[in-house]
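Structure assessment
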Amino acid sequence: MSPLYSHSGAGGWSPLVSDRYQWLQVDLGERIQITAIATQGRYGSSDWLTSYLLMFSDTGHNWKQYRQEDSIGFFPGNSNADSVVQYNLQQPEVARFLRLIPLDWNPNGRIGLRLETYGCPYTSDVVSLDGRSSGLAYRLSPGVKQTSKDVVSLKFKTLRNHGTLLHVEGHDGLSLSLELERGKLLLLLKQGRTSSPETHRLASLGSLLDNQQWHHVILEQRNTQLNLTVDKHAERFQIPAEFSLWDIKQVCLKKYRLIPSIRPKDFHGCLENLQFNGLNLIEMAKHKDRKVTGNVTFSCLESISIAITFPGPMSFLQLPWITSTPSEAFSVGFKFRTWNKAGLLVYFNVLHRGGVLWLYLSDARVRLEIIKEDRTLLELRAGSVLNDGQWHSVDLTFKHGLLTIMVDNESVAHALPSFPVNTGSHIFLGDDGPECRNPFGVFQGCMRHITLERQPVDLIMVQQRLLGNYSQLQIDMCGMIDRCSPSHCEHGGRCTQSWSSFHCNCSGSGYNGATCHSSVYEQSCEAYKHNGNTSGHFYIDVDGSGPIQPQQVYCNMTEERTWMVIQHNNTGLTRVQPSHGVSQLSVHFDYASQEEQLLAAISQSEHCEQELSYQCRMSRLLNALEGSPFSWWLGGPGQGRVQTYWGGAQPGSQQCACGLQGDCVDPEHYCNCDADRDEWTEDSGPLTHKESLPVRSLVLGDVHRPGSEAAYRVGPLRCHGDKNFWNAAFFDKETSYLHFPTFHAELSADISFLFKTTASSGVFLENLGIRDFIRIELSSSTQVLFSFDVGNGPLEVHVESSIPLNDDRWHQIRAERNIKEASLRLDDLPVVTREAPLDGHFHLQLNSQLFIGGTASRQKGFQGCIRSLQLNGVTLDLEERAKITPGVQPGCPGHCSSYGSFCQNQGRCVERTNGFHCDCSLSAYTGVFCQTGKLVSAVFKSETSVSYTFKDPHRGGRNSSALPSSIYSDLTLREENVSLSFRTSQSPALLLYISSYYREYLALLINKHSEGMQVRYRLDSSREADVLRSSVSGLANGQLHTLTIRRLSDSVSVQVKFNTLCKESEDMDADLAWLASLSFTGCLSAVCFNTISPLKAALLHPDNSPVIISGPLVKSNCGSAASANPHAQHLTVFVSFSASLADQSGSEGSGQPLVNAIRTDSALVGGIIAVVIFAVVTGLAITARCLYRRKETYRNQEVKGVKQDDSQDFSFNNQADSHNVSEHPKEYFM
């Protein structure tokens, strides 16, 4: 082998055959810490390697493949024979032997190599433990002062998957143990000297630690904080406080001798460089230091165990049977380990006429089948859960006519074949080789201890092509990887794996995605509102994909602001019960949310408050300003800080609200209760200083005197506003951008934001590294592109929209990248994903500034608005950065174009700086989206009436007073709409009567015995009324029904009467007059006449609206659908429908309320009803169209006597007529 730059001899290594079964092995003479390797092609030739693998070993057996930080197993080689390519190992490797395996080489040449390795001398102290009598113990000197921290470090290697590795004992029976269990290292905290001490598992790290490779362990304790590191995986956790002051008595291996009452779990293997607080305990044992006792061998005695790896398809081992002639008795044995549930283990021919024996894994069990001509002659099963990565033994024997399969020396299955069983000439392990008949899947895993006829198979001879045949195998190593250790599943997701991949089960975690990275919940009540939700209990995740877990809160959306409500254990008014001998009462409040959840929710909100109330009788509260207060409360982070002010006052004032306002009952005091009067009074108000919230505890001092009485109340924590949700910036030029510090997201990254623009393209975000990058851009008016490179080449994910994205409306982008896949979601379109390479780079390494709204080259910049930009759950403050950046403006108006559709029932969207508001003044409904009917519902008795009168606009114009409110607006009718909801058990009943001074009318009534509904029209005073009848019955069943009538006309002057008429109409038909005299008993809700809501005006604005109320008018929630029977019918005349309603309660994470405590309807429910039930009474709608058409005919004075059945193809004309005819005076009656 020639060194680099050598021009002598053959000029390097070049095997006779160039294939992937060649290797070059180097013996360094002793263990060296190898730090780099350099390669060069063979001198004066066309021979060089383009890629290769590196293997290391201490003994020349049991090789370990070197993998780079990102699990890359191969190294790029040379591009010619002369240049030198050197790689510095990211983690230096300690080994004596190095093996280089060529993967690819110059296609126009052969394998050729000159090689040099670089490293440093390595010294170590090693001991062997035999698993029986050997051990080592170090006892600390009595009275030795303990250090501020204790550190134990060591390396170990073993072939066994269990055993006590280290035991650190303190006084009073306290101890820490490091124990191997199923190839994992457990850290156990124990208390007690018995054979069964109380044990607490603190951590479980590592996996496959029984692979006879060196593993590095560091255990560090600093007070109650404990750090455990196994190889490159570290974990930090807290231990109980009582263990922080313990004194370490001794450090021992496998609890050696010093605790004879406890039978140790024997560790069998080698340890290296055992150190305690810098002391080399093995070296001390060599020098027979009195503090170290034990019986060990100062060398590493390793047994040789040759394993083979089956990495994938076409991986097989073909062996000849030991006997030269077919035999009616045989045995096969081996051990295997795998992560896969299925795969072929063994295959060979039996029977002389084409029978086959298959031994395979299925559903993680061993199954045996003997098949001949596609017919199963025999089947056996044994074992379970054999895909756990542990070594499992399999023994298959046939003797004296009995076929036996045994797994792990426990699970046994027998069969007595009724046919002769003879082996063929050879046996296959793994795949079935070139015959390609394997129907059971490929085995991927490791095997060792292979025996045929109870004789071990020499796998080194197989490797040297002296025995059998093989393909695609890795011999003398087990190349198994635990992809779940450390787990890449976040937020408690459960990791499972196969040979080539892993899967995260995110169920119950509140997160989703390939690695359970992204939260399924919104970050605030404000976000739920802008998804169209109504009040209810929701889970919010304040930091998105961050470490803070979701919390359940109540979102109150009934007011103009959206309130987040967090309850605690005592929100009601609580009377103080004095206790004898107790001068103070201390009350602690426990919140439904955890500490970090509370603080994050408060910090994110624009405003928070908490009601603090004290009702008193001869019980003083704060006393004078200069004196010590009788009572105080604690609030803020942790246990809280002492606060001496009360609700409604300012921090530090030692006052109550009345003291701040100057209206206390006694001007000499600053709280009402401090007057100490023998009468009940109260001090209450909201606490609004966010730094002092939430209230943690309350201390009441003046509650023990005779005659003292008091009661307190600490309300729930209430917050509104989301500082992150509306944080926005406007980029008015393509060259404008914002820059932030580097985005650090090596393993996982999620990016979410909203944008609106009129431009057809532009870069939203970009961050560069030396070679890596991440970018999100609007690549066209209908496409969003997410691209990045982590070293494997650019990967792109794009989503195509069917509608233009440059429509100046808000659109949401959510992008995620992890080691498994990349995903991109636009608005509510399906998620698009791209898988990452199985074995490739996965660390995203960025080092430049993060650019928002542009790129480092200032090209392809974005013009428009970006809002609520979050990276891994952290919101970037775009507004603050925009204030100091030219070309970028903070904030972004214009939300109604996106959210205006949420305002229902003629509600009007009003713009705000941060969001929008639904103005319900012109709607018959109330609520955050003008969708709640229960506040405008009333129960009518027989003597109840409401009349609403409005004047001719011309006559009103002659008055000096202007119209007082918007309820008088829109008196010139171009289109007429009437709607209401009702609930009654009365039939017959007149629901609606509209009349004009032209002696025309419209009447809506329920027939006798509730047999359907009747609509009567008289559109010409010279003609009889037309009658339309509906076949829908049961309307007087006490359930909630909804009616809607829409009239299209030039202009009309009407009088609308509901229920009891305030005055008789001389033109009313006799039967209608009789119906009117019966009055109406029942419920009316959400009555609307165009933009006028007479019932809402009567209930909510009776003093400043032109309404006259006679008799009792009782506000009720009878108009709420939630209060109706679940089988209630809802009927609308114009677009008719009826349906059953149920409470709309969503499940956790569904985006719907968990509990609809406010009982409001949603737009979604109505939409479903309209679609499903439209066909039920569509005949009535069609008939109504004929009547409207007849009305148009009358208005044109072309009376043709159109019958109801004559036409069914009339379509409504929604366009306003060009003529404007002033209205006559009207009166609206109920």
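Parameters at a glance
Residues numbered from 1 in each chain as written. Predicted model: local features only at pLDDT ≥ 70, side-chain atom pairs only at ≥ 80, totals over all residues. Heavy atoms only, no water. Disulfide = S-S within 2.5 Å. Helix = DSSP H or I, 4+ residues; strand = E, 2+ residues; numbered from the N terminus. Buried < 20%, exposed > 50% of the residue type's maximum accessible area, 1.4 Å probe, protein only. Pairing = 2+ DSSP bridges. Axes fitted to C-alpha atoms, helices over the stretch in contact; angles between N-to-C directions. Phe/Tyr/Trp six-rings, centres within 6.5 Å; stacked < 30°, edge-to-face > 60°. Contact = heavy atoms within 4.5 Å.

1. Some remarks on the state of the cysteines
- Enumeration over the complete set of coordinates arrives at 14 disulfides.
- A sulfur-sulfur separation of 2.1 Å characterises the disulfide bridge that pairs cysteine 270 with cysteine 300. For the disulfide bridge between cysteine 270 and cysteine 300, the dihedral angle about the S-S bond is near 95 degrees, and by the sign convention the bridge is right-handed. Here the residue cysteine 270 occupies a position in strand β18 (residues 268-276), and cysteine 300 occupies one in the loop between β20 (292-295) and β21 (307-310), the gap between them amounting to 30 residues.
- Note that cysteine 489 is cross-linked by a disulfide to cysteine 504, the S-S spacing being 1.9 Å. Handedness here is read from the sign of the S-S torsion; for cysteine 489 and cysteine 504, about -90 degrees, the answer is left-handed. Of the two residues, cysteine 489 is situated in the loop between β35 (474-475) and β36 (494-497) and cysteine 504 in strand β37 (residues 502-505); the sequence distance between them amounts to 15 residues. Here cysteine 489 and cysteine 504 have matching classes, each one buried.

2. A few points about the sheet that holds strand β44 (residues 585-588)
- In space, the four strands of this open sheet follow the order β44-β49-β46-β47, with antiparallel pairing throughout. Edge positions in the open sheet fall to β44 and β47 (641-643), since each of these has one partner strand only. On average, each strand axis in the sheet is tilted by 20 degrees relative to the strand beside it, whichever way the strands run.
- Of the strand pairs in this sheet, β44 and strand β49 (residues 695-700) are connected by four bridges, and their pairing is antiparallel. Counted as the bridge partner of histidine 588 is serine 697 from β49.

3. Considerations on the sheet that holds strand β24 (residues 343-350)
- An order of β27-β26-β25-β24-β31-β22-β34 is seen for the seven strands of this open sheet, with the pairing classed as antiparallel. Edge positions in the sheet fall to β27 (375-382) and β34 (469-471), since each has one partner strand and no second. When strand polarity is set aside, the average angle formed by the axes of neighbouring strands in this sheet is 15 degrees.
- When β24 meets strand β25 (residues 355-362), the two strands line up antiparallel, connected through seven bridges. The residue bridging tyrosine 347 from the neighbouring strand is tryptophan 358, located in β25.

4. Thoughts on the packing of aromatic side chains
- Applying the stated criterion across every chain yields a total of 35 aromatic pairs.
- Relative to phenylalanine 75, the ring of tyrosine 52 has its centre 5.7 Å away and its plane inclined at 10 degrees; by these criteria the two rings are stacked. Here tyrosine 52 is found in strand β2 (residues 49-57), whereas its partner phenylalanine 75 is found in strand β4 (residues 74-76), with 23 residues between them in sequence.
- The buried category is assigned to phenylalanine 75, whose relative accessible area is 2%.
- Summarising the aromatic geometry, the rings of tyrosine 528 and phenylalanine 538 are spaced 4.3 Å apart at their centres and angled 35 degrees between planes, so their arrangement reads as tilted. With tyrosine 528 in helix α3 (residues 525-529) and phenylalanine 538 in strand β40 (residues 536-540), this residue pair connects regions lying ten residues apart in the sequence.
- Residue tyrosine 528 is classed as buried on the basis of its relative accessible area, which comes to 3%.
- Taken together, the ring pairs connect Phe316, Tyr347, Trp358, Tyr360, Phe428 and Phe440 into an aromatic cluster.

5. Observations concerning the environment of serine 393
- Among the secondary structure elements, serine 393 is positioned in strand β28 (residues 392-399).
- Considering only alpha carbons, one finds serine 393 and phenylalanine 334, 59 residues apart in sequence, at a separation of 5.9 Å.
- Setting aside anything within four residues of it in sequence, one finds serine 393 in contact with Phe334, Lys335, Met406, Val407, Asp408 and Asn409.

Geometry only, nothing functional implied.
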